[in-house]
Amino acid sequence: MEATDLYNAEFIDHVAHPDYKYQMHDPSMSHEGINPSCGDDLVLSVKLADDGTIKEAAYTGHGCAVSQASADMMSDLMVGKTPEEAIRLCELFMDMVTGKETDDAKLEELDEAATLKSVSHMPARVKCAELSWRTLEEMLKGTTDKASTTEDKD
């Protein structure tokens, strides 16, 4: 996939008509994510079902098209997942956008978010694409392993 393939119709639709960009009422948890290098700022909220799976995911905030489309794709993917499954998918996504994972068969698990694979060729956009995924991972790791914390290394 060429870097110019990023801005396809699917991507543009997530930016222009996001399904998951709204203020959630009574979330189980919320967490803010900030990308100081470009000003992206979002608050991610999830509502857990009685069985512990993610029943609803939503975000508010502002940022570039890459961060907003990525957040919308991620929110869609996470509905129905357990926190452990969601964390694993976050790790897979971050491996993809940093170029550590390139196997398309493995990346199929990311569904539409796999279309952001070309971000790995745009170093300045990686943090934009990762923002919502890192935010979700940090929030969920706080619930699955109270002793575990993640920190942005840059």
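The structure under discussion appears in the preceding block.
The text that follows walks through the structure, step by step, so that each part is easy to find.

Criteria and cut-off values
Residues numbered from 1 in each chain as written. Predicted model: local features only at pLDDT ≥ 70, side-chain atom pairs only at ≥ 80, totals over all residues. Heavy atoms only, no water. Core = buried A, V, L, I, M, F, W, Y, C linked by side-chain atoms within 4.5 Å. Buried < 20%, exposed > 50% of the residue type's maximum accessible area, 1.4 Å probe, protein only. Helix = DSSP H or I, 4+ residues; strand = E, 2+ residues; numbered from the N terminus. Contact = heavy atoms within 4.5 Å. Axes fitted to C-alpha atoms, helices over the stretch in contact; angles between N-to-C directions. Left-handed = near helix turned anticlockwise from the far one by under 90°. Nonpolar A, V, L, I, M, F, W, Y, C, P; charged D, E, K, R; others polar. Pairing = 2+ DSSP bridges.

1. Observations regarding the nonpolar core
Consideration 1: Grouped together as the largest cluster of nonpolar side chains are 41 residues, with contacts concentrated most on Met78, Phe93, Leu110, Trp133 and Leu136.
Consideration 2: Elements that contribute at least two residues to this core include exactly strand S2 (40-48), strand S3 (54-62), helix H2 (65-78), helix H3 (83-97) and helix H5 (123-144).
Consideration 3: No other element matches H3, which puts nine residues into this core.
Consideration 4: With sequence-adjacent residues up to four places away left out, Trp133 is seen in contact with Ser70, Met74, Leu77, Met78, Leu89, Cys90, Phe93, Leu110 and Ala113.

2. Comments concerning the packing of H2 against H3
Consideration 1: One way to put it is that H2 packs onto H3 with a least axis distance of 11 Å and a crossing angle of 145°. Judged by the twist between their axes, the crossing of H2 over H3 is right-handed. Contacts from Ser70, Leu77 and Met78 of H2 reach H3 at Ala86, Leu89, Cys90 and Phe93.
Consideration 2: Residues that form the contact of H2 with H3 fall into these classes: six nonpolar, one polar and no charged.

3. Description of the pairing of S3
Consideration 1: Where S2 lies against S3, eight bridges are found, and the strand directions are antiparallel. Directly across from Leu44, in S3, lies its bridge partner Tyr59.
Consideration 2: Taking the residues between adjacent antiparallel strands as the criterion, S2 and S3 are bridged by five residues, where Gly52 takes a positive phi near 90°.

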